[in-house]
Amino acid sequence: NYRRACDRLANYETNLSYLKDAVNGFNLVMEYLSGVTPEPAIRKDSAEKIKRAIELRERWIKQYRSQYMTMLHKEDLDGAKSALQVLMSLYDENTKEYQLAKQRLIKIDMYNRKTGTKKKR
């Protein structure tokens, strides 16, 4: 888990959902090593990397929330939908933020179907 989490953190730019995976992986390492004395260096390193991954994820979440609001204001539903999809990849599926983004995505799709809006290919 530790190596996979490190890999995800190092390569998050290829797929932003890797930040979520890295946080979850480092949390597993922390949980597994809790109570071990003396504290292994890998546990301390995991704590530092969790902090870094969370900071990066929060920065991207803030950016894509802003992009979503901008696209809605411009009535660019495709852009808003795209921003929501990225946000969903950054959230854990069991969070209220994920569920809210999913509901908004469904509303956009329903609106597009209702108005007959189709993507130009």
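One can find the structure itself at the top, above this paragraph.
Residues numbered from 1 in each chain as written. Predicted model: local features only at pLDDT ≥ 70, side-chain atom pairs only at ≥ 80, totals over all residues. Heavy atoms only, no water.

Caption draft 1: Inspection of the nonpolar core at higher detail. Grouped together as the largest cluster of nonpolar side chains are 30 residues, with contacts concentrated most on Leu9, Phe26 and Leu84. Mapped by element, the contributors of at least two residues to this core are helix H1 (2-10), helix H2 (17-33), helix H3 (41-73), helix H4 (77-90) and helix H5 (96-115). Top element by residues in this core is H4. It accounts for eight residues. When near neighbours in sequence (up to four residues on either side) are disregarded, Leu9 contacts Leu19, Ala22, Phe26, Lys49, Ala53 and Leu56. (Core = buried A, V, L, I, M, F, W, Y, C linked by side-chain atoms within 4.5 Å. Buried < 20%, exposed > 50% of the residue type's maximum accessible area, 1.4 Å probe, protein only. Helix = DSSP H or I, 4+ residues; strand = E, 2+ residues; numbered from the N terminus. Contact = heavy atoms within 4.5 Å.)

Caption draft 2: Spotlight on the side chain of Arg57. Looking at where Arg57 falls in the secondary structure, it is placed in helix H3. Arg57 has contacts with Leu19, Lys20, Leu90 and Asp92, leaving out every residue within four places of it along the chain.

Caption draft 3: Region of the structure containing unusual backbone geometry. Each neighbour pair has its own omega, and for Thr37 with Pro38 the value is -10 degrees, a cis peptide bond. Locating Pro38 in the fold gives a position in the loop between H2 and H3. Positive phi, close to 60 degrees, is recorded for Glu75, a residue that is not glycine. By the element assignment, Glu75 lies in the loop between H3 and H4. For Glu75, a relative accessible area of 68% corresponds to the exposed category.

Caption draft 4: Structural view of H2. Here H2 is 17 residues long and its end C-alpha atoms lie 25 Å apart, about the 24 Å a rise of 1.5 Å per residue gives. Looking only at H2, the buried set comprises Ser17, Leu19, Lys20, Ala22, Val23, Gly25, Phe26, Val29, Met30 and Leu33. Those residues of H2 that are buried lie in contact with H1, H3 and H4. Just downstream of H2 lies Gly35, where phi reads positive at about 85 degrees. (Expected span 1.5 Å × (residues − 1).)

Caption draft 5: Fine view of the pattern of salt bridges. The tally for this structure, following the rule as stated, stands at four salt bridges. With a shortest N-O distance of 2.7 Å, Lys81 and Asp109 are connected by a salt bridge. Highlighted residues: Lys81 in helix H4 and Asp109 in helix H5, separated in sequence by 28 residues. Residue class for Asp109 comes out partly exposed when judged on its relative accessible area of 21%. (Salt bridge = Lys/Arg side-chain N within 4 Å of Asp/Glu carboxyl O.)

Caption draft 6: Highlighting the packing of aromatic side chains. Following the criterion strictly, the structure yields two aromatic pairs and no others. Relative to Phe26, the ring of Tyr2 has its centre 5.9 Å away and its plane inclined at 65 degrees; by these criteria the two rings are edge-to-face. With Tyr2 in helix H1 and Phe26 in helix H2, this pair connects stretches of sequence that are 24 residues apart. Accessibility expressed as a relative area gives 21% for Tyr2, which makes it partly exposed. (Phe/Tyr/Trp six-rings, centres within 6.5 Å; stacked < 30°, edge-to-face > 60°.)

Caption draft 7: Inspection of the packing of H2 against H3 at higher detail. For the pair H2 and H3, the least separation of the axes is 9 Å and the interaxial angle reads 155 degrees. Relative to H3, the element H2 lies roughly antiparallel. You can see that H2 and H3 cross each other, and the crossing is left-handed. When H2 is examined against H3, the residues Leu19, Lys20, Ala22, Val23, Phe26, Asn27, Val29, Met30 and Leu33 are found in contact with a partner set consisting of Ile42, Arg43, Ser46, Ala47, Lys49, Ile50, Ala53, Ile54, Leu56, Arg57 and Trp60. Along the lines of polarity and charge, the residues of the contact of H2 with H3 split into 14 nonpolar, two polar and four charged. (Axes fitted to C-alpha atoms, helices over the stretch in contact; angles between N-to-C directions. Parallel < 35°, antiparallel > 145°, perpendicular 65-115°, else oblique. Left-handed = near helix turned anticlockwise from the far one by under 90°. Nonpolar A, V, L, I, M, F, W, Y, C, P; charged D, E, K, R; others polar.)

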